[in-house]
Structures are given as structure tokens and as C-alpha cells.
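# Observations on the three-dimensional arrangement
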Amino acid sequence: MLIVLLVAVLADVYGIGQLSQASITGFFLVIVATIVFILVMPGFYMLQPNQAAAITLFGSYSGTDRATGLRWTWPWMAKKKVSVRANNFISEKIKVNDLRGNPIEMAAQIVWRVVDTAQALFDVDDYKQFVRVQVEAAIRTIGSRYPYDDFEHQEITLRGNHDQVGTELRTELQARLAVAGITVDECGFTHLAYAQEIAGAMLRRQQAQAVVAARKTLVEGAVGMVEMALTMLSEKKVVELDDERRAAMVSNLMVVLCGERDTQPVVNTGTLYQ
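Here's what I pulled together on the structure shown here.

About the thresholds
Residues numbered from 1 in each chain as written. Predicted model: local features only at pLDDT ≥ 70, side-chain atom pairs only at ≥ 80, totals over all residues. Heavy atoms only, no water. Core = buried A, V, L, I, M, F, W, Y, C linked by side-chain atoms within 4.5 Å. Buried < 20%, exposed > 50% of the residue type's maximum accessible area, 1.4 Å probe, protein only. Helix = DSSP H or I, 4+ residues; strand = E, 2+ residues; numbered from the N terminus. Phe/Tyr/Trp six-rings, centres within 6.5 Å; stacked < 30°, edge-to-face > 60°. Salt bridge = Lys/Arg side-chain N within 4 Å of Asp/Glu carboxyl O. Patch = residues over 30% accessible without salt bridge, like charges linked within 9 Å, V, L, I, M, F, W, Y side chains within 5 Å. Areas by Shrake-Rupley, 256 points an atom, 1.4 Å probe, with all protein chains shown as cover. Polar contact = N/O pair within 3.5 Å; in protein donor to acceptor, adjacent residues only side chain to side chain. Expected span 1.5 Å × (residues − 1). Arc of directions from axis to C-beta. Pairing = 2+ DSSP bridges. Axes fitted to C-alpha atoms, helices over the stretch in contact; angles between N-to-C directions. Parallel < 35°, antiparallel > 145°, perpendicular 65-115°, else oblique. Left-handed = near helix turned anticlockwise from the far one by under 90°. Contact = heavy atoms within 4.5 Å. Nonpolar A, V, L, I, M, F, W, Y, C, P; charged D, E, K, R; others polar.

## Here we look at the nonpolar core
Grouped together as the largest cluster of nonpolar side chains are 35 residues, with contacts concentrated most on I104, M106, I110, W112, Y127, L169 and I182. Broken down by element, this core gets its largest block of residues, seven residues, from helix 4 (residues 127–143). Within the second largest apolar cluster, five residues are counted, among which are Y45, L47, A53 and M77.

Structural data, given as C-alpha cells:
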């Protein structure tokens, strides 16, 4: 069609030159070449790499052109260009209540692209705005499905299971964006924290739970060491201990092993009973 356009231009120039000689042939040649030029010229359009054009004929979808370079269709066929490149979207910080009702702040990063131009253009009003709204809705859904944290490690949490929760977020987004012909290549959380109004209280709670967990581990280890010491003393017959001396030794060992400060040795020159 580019060759036809060039021929029409040359024919128009030649016909205009013949008009000076009052040639009827030149007159008709100018009319025909001009009509051909008007029909052919508006049909050209250019497609860049990773760009597509949805073509409609009087409001009816006719197909999608994905071939790059200079393209041509009939001028009465409307063309709407759509980028099929990957798009990166970072959501705003959203306040969500987790599974336990604690307010938390969440934000996510989404890599998406259009795979069906017809659905993106004709099934939703504005597919880019549709992505923004659905990302926020998906974050709220996933955030309310799991607790933020669990020190007992018995539940799936938002903070402790990033990969699993991120995969579920992608599945949720994929289902929501399928109606718009959009696929999600990658997604993940960029911000995850307690809301400011409870951040201080939750921090103290985490510290208390951490102290309790550490104390529990320390006591369990100390009891095991005391038991091992008493057993070895009895087996090797290093010393014979009655119940009262055994209780005193257990008390002293527990103080030494569980105390936060260094113990000060005390030399007893008497006996346990004096």
C-alpha cells in the first residue's frame, strides 16, 4: 500500500501537469489519484516493539495486530494502540485489620502486563485504574486472612511467611485481573508493620514474649544440667547427699545457671546444719 500511495502521488503530480494543456485525461487522473491518496493515507500506522493495536469496524471488534513496524488497514477501521510491556506498580500504604483485629500497614509491589488487548479495552472502562483498585482490594483480603505475627510458630503469618503469602497474593490478583486480560508476573510486600497507634504496645508485647521464651529455654537447660550433675555425682560416688543437701545443691545450681549477674562464691567453713 505504500507503493500504491507513492504511485497515486506521482499520478497526481502528472495529472496536474496535464491540466495546463486542458487535457480531460489529466483531469480524471487527478481525481482518481486524489481519491486513492485519501483512501490509502489514513490507513497507515506504526507499531513499536511490545505494542499492539486493537482494530474495530464500526464498533465491532475485528482483531488485534501485534506485528511491529509500519502497518496498514482500511481507513474506516478504527485502531487503538495498547502497550503490552511489563508495568511496575507500587501501592500506597494501606491500613488493614489482620486476622486478630490488629491494625497494620501494608504496601505491595506488582509487576503486571496486558495479555488480551480486547479484554483490557472493552471489558473494563480504564484498565490501569482497574489494576490500582484491585491491588488495594487484594491486599486487604490477604491482610485480613492471616495474623501479623505468632511467637508460638503454629500459624502462617504475614511477617514470617513472606513467600507463601506473596504467592497467595499473586493468585488473588490473577483471579481479579483476569477479567481485564491482565496477568501478574511478580508481586511482593514492600511495607509491613503495625499501625502507629498500637506499634508501641505491640513492641512491648513482643519484647515480653521474647523474654518469656528466653527464660523458658534457660530454665529447661538449667534443669537438665542440674539433673546431669546430680546423676553423675551419685554414679561416681563423689559425695553422698541426703534430701536436704540435695535440695540445697539444686537451689545453688539453679541460681548460678539462671541468674543474670555473675555469682559471687561463698566459702562455708561450717556445716549445712550450723
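Still to come is the rest of the account.
## Some words on unusual backbone geometry
In the Ramachandran plot, N50 falls in the positive-phi region, its phi being about 60° despite a non-glycine side chain. Tracing the sequence through the fold places N50 in the loop between strand 1 (44–47) and strand 2 (51–57).

## A few points about the packing of aromatic side chains
Per the stated rule, a full pass over the model turns up five aromatic pairs. Judged by centre distance (5.0 Å) and plane angle (65°), the ring pair of W72 and W74 falls under edge-to-face. Both rings, one in W112 and one in Y127, keep their centres 6.3 Å apart while their planes meet at 80°; by these two values the pair is edge-to-face. A residue pair is termed long-range when its members are at least 10 positions apart, and W112 in strand 8 (residues 103–114) and Y127 in helix 4 qualify at 15 residues. Comparing W112 with Y127, the two get one shared label, buried. In this structure an aromatic cluster arises from ring pairing among W72, W74 and W76.

## What about the pattern of salt bridges?
Close approach of charged atoms lets side chains of opposite charge pair. Here the structure, examined in full by the defined rule, presents six salt bridges. In this structure, D65 engages R71 in a salt bridge whose closest nitrogen and oxygen atoms are separated by 2.9 Å. Via salt bridges that share partners, R145, E168, E172 and R176 belong to a single interconnected network.

## Notes on a nonpolar patch on the surface
On the surface, I24, F27, F28, I31, I35, L39, L57, F58, W74 and W76 cluster together into a nonpolar patch covering about 1,100 Å² of accessible area. Broken down by element, the residue count for the nonpolar patch peaks at six residues, all from helix 2 (residues 24–40). With respect to the helices, strands and loops of the structure, F28 is situated in helix 2.

## Quick word on the side chain of D65
Summarising the element assignment, D65 is placed in strand 3 (residues 60–65). A relative accessible area of 10% places D65 in the buried class. One polar contact links D65 to Y45, side chain to side chain, over a distance of 2.6 Å.

## As for helix 2
Between its first and last C-alpha, helix 2 extends 24 Å over 17 residues, near the 24 Å set by a 1.5 Å rise per residue. Among all positions in helix 2, only G26, V30, A33 and V40 are buried. All buried residues of helix 2 fall inside an arc of 110° around its axis, so they share one side. Helix 2 presents I24, F28 and I38 as exposed residues on the side facing more than 90 degrees away from its buried surface.

## Describing the sheet that holds strand 3
The antiparallel open sheet is built from three strands, whose spatial order is 3-2-5. A strand with exactly one partner marks an edge of an open sheet, and here the two such strands are strand 3 and strand 5 (77–83). Adjacent strand axes in the sheet meet at a mean angle of 25°, parallel and antiparallel pairs treated alike. Examined bridge by bridge, strand 2 and strand 3 share five bridges and lie antiparallel to one another. Of the residues in strand 3, the one forming a bridge with A54 is T64.

## Examining the packing of helix 4 against helix 5 (residues 162–177)
Between helix 4 and helix 5, whose axes approach to 9 Å, the crossing angle comes to 135°. One element, helix 4, and the other, helix 5, form an angle in the oblique class. In this structure, helix 4 meets helix 5 at a crossing whose hand is right-handed. On the side of helix 4, the interface is formed by F130, V131, Q134, V135, A137, A138, I139, T141 and I142, while helix 5 contributes V165, E168, L169, E172, L173, R176 and L177. Per-class residue counts for the contact of helix 4 with helix 5 are eleven nonpolar, two polar and three charged.

## Regarding the environment of A195
Note on placement: A195 falls in the loop between strand 9 (182–194) and helix 6 (196–235). You can call A195 buried: its relative accessible area is 0%. C-alpha of A195 to C-alpha of P103: the two residues are 92 residues apart in sequence and 5.5 Å apart in space.

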